[in-house]
Amino acid sequence: MMEQWQWVKGNPEVPGGYFMPRHLDNAFRKVVYGGEDPRETILDYVRVINEEITNKRIEFGLPTLEDLKNNTGR
């Protein structure tokens, strides 16, 4: 077992990353159990997820997508 330890790699986390699986589950439940439109539901949750990740990046002093866009001139 200890020899295999050298091959173990963790998954990198992003600030606010806990938010994504939670809201994907919520979207799934809304569609399957609530009969909501799949496309609109996922788009609504993507907006919420992106806002939370942006807020966490700001909180931790990390660049946001908007910062990156401004620095590249796009």
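See the structure above.
Rules and cut-offs
Residues numbered from 1 in each chain as written. Predicted model: local features only at pLDDT ≥ 70, side-chain atom pairs only at ≥ 80, totals over all residues. Heavy atoms only, no water. Helix = DSSP H or I, 4+ residues; strand = E, 2+ residues; numbered from the N terminus. Contact = heavy atoms within 4.5 Å. Expected span 1.5 Å × (residues − 1). Buried < 20%, exposed > 50% of the residue type's maximum accessible area, 1.4 Å probe, protein only. Arc of directions from axis to C-beta.

### Focus: the side chain of Thr-41
Step number 1: Among the structural elements, Thr-41 can be located in helix α2 (residues 38–59).
Step number 2: Ignoring anything within four residues of it in the chain, the contact list for Thr-41 reads Ala-27, Lys-30, Val-31 and Glu-36.

### Details of α2
Step number 1: For α2, spanning 22 residues, the distance from its first C-alpha to its last is 31 Å, which sits close to the expected 32 Å at 1.5 Å a residue.
Step number 2: All buried positions along α2 are accounted for by Thr-41, Tyr-45, Ile-49, Glu-52 and Lys-56. The buried residues of α2 occupy an angular sector of 65° when the element is viewed end-on, so they sit on one face. Along α2, the residues that are exposed and aim more than 90 degrees away from the buried face are Arg-39, Glu-51 and Ile-58.
Step number 3: Following α2 by one or two positions, Gly-61 has its phi on the positive side, about 70°.

### Here's the deal with the environment of Gly-61
Step number 1: Residue position: Gly-61 is located in the loop between α2 and α3 (65–72).
Step number 2: Judged by relative accessible area, Gly-61 falls into the exposed class, the value being 63%.
Step number 3: As for Gly-61 and Gln-6, which are separated by 55 residues in sequence, their C-alpha atoms are 32 Å apart.

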